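If you want the building blocks of each chain, they are given just below.
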Amino acid sequence: MMILEGILQNKTGFHIRPAQLFMEKAIEFKANVAVRNEDGMETDGKSILGLMTMGFEYGSKIIIETNGEDEEMAANALLDLVNSKFGEE
């Protein structure tokens, strides 16, 4: 199991485009991906609907937990996506 934390830095937060990009990246890996917020609410990182219901906004902490054979690669790739502001300014 690998757990990484990041802070959403894109101004619009976790709207449809970032959620879709996150889901698409997550499904590239065999590892299970769970996403939590600071309140402990958790969802499947491979579910766009689940990701959209998390309510992540600019400055929110996102906790990424991966478990499986490529968990380290998955966690790092997803955190890189968060840190890149999902390609937004």
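About the thresholds
Residues numbered from 1 in each chain as written. Predicted model: local features only at pLDDT ≥ 70, side-chain atom pairs only at ≥ 80, totals over all residues. Heavy atoms only, no water. Helix = DSSP H or I, 4+ residues; strand = E, 2+ residues; numbered from the N terminus. Rg over C-alpha atoms; globule rule 2.2 N^0.38 Å. Buried < 20%, exposed > 50% of the residue type's maximum accessible area, 1.4 Å probe, protein only. Contact = heavy atoms within 4.5 Å. Areas by Shrake-Rupley, 256 points an atom, 1.4 Å probe, with all protein chains shown as cover. Lys, Arg positive; Asp, Glu negative; His and termini not counted. Charge placed at Lys NZ, Arg CZ, Asp CG, Glu CD. Arc of directions from axis to C-beta. Salt bridge = Lys/Arg side-chain N within 4 Å of Asp/Glu carboxyl O.

(A) Main features of the overall build of the chain. The secondary structure content of the chain amounts to three helices and four strands. N-terminal to C-terminal, the α/β element order of the chain is β-α-β-β-α-β-α. At 11 Å, the chain has a C-alpha radius of gyration in line with the 12 Å of a compact globule built from 89 residues. Viewed in the frame of its principal axes, the chain has a C-alpha envelope of about 35 × 25 × 20 Å. Expressed as a percentage of its 89 residues, the buried residues of the chain come to 46%. Intrachain contacts of the chain at a sequence separation of at least 6 include 70% that bridge at least 24 residues. Approximately 4800 Å² of the chain is accessible, and the part contributed by carbon and sulfur atoms is 49%. Across the chain, 8 positive and 16 negative side-chain charges occur, with their mean positions spaced 4 Å apart.

(B) Structural view of helix 1 (residues 16–26). When helix 1 is considered as a whole, its buried residues turn out to be P18, A19, F22, M23 and A26. Taken around the axis of helix 1, the buried residues stretch over an arc of 135 degrees, which confines them to a single face.

(C) Representation of the pattern of salt bridges in the model. Taken as a whole, this structure holds six salt bridges when the rule is applied. Between K61 and E5 there is a salt bridge, with the nearest N and O atoms lying 3.4 Å from each other. Taken together, the residues K61 in strand 4 (residues 61–67) and E5 in strand 1 (residues 2–7) connect sequence positions 56 residues apart. For K61, a relative accessible area of 25% translates into the label partly exposed. In this structure, R36 and E42 form a salt bridge, with 3.8 Å as the shortest nitrogen-oxygen distance.

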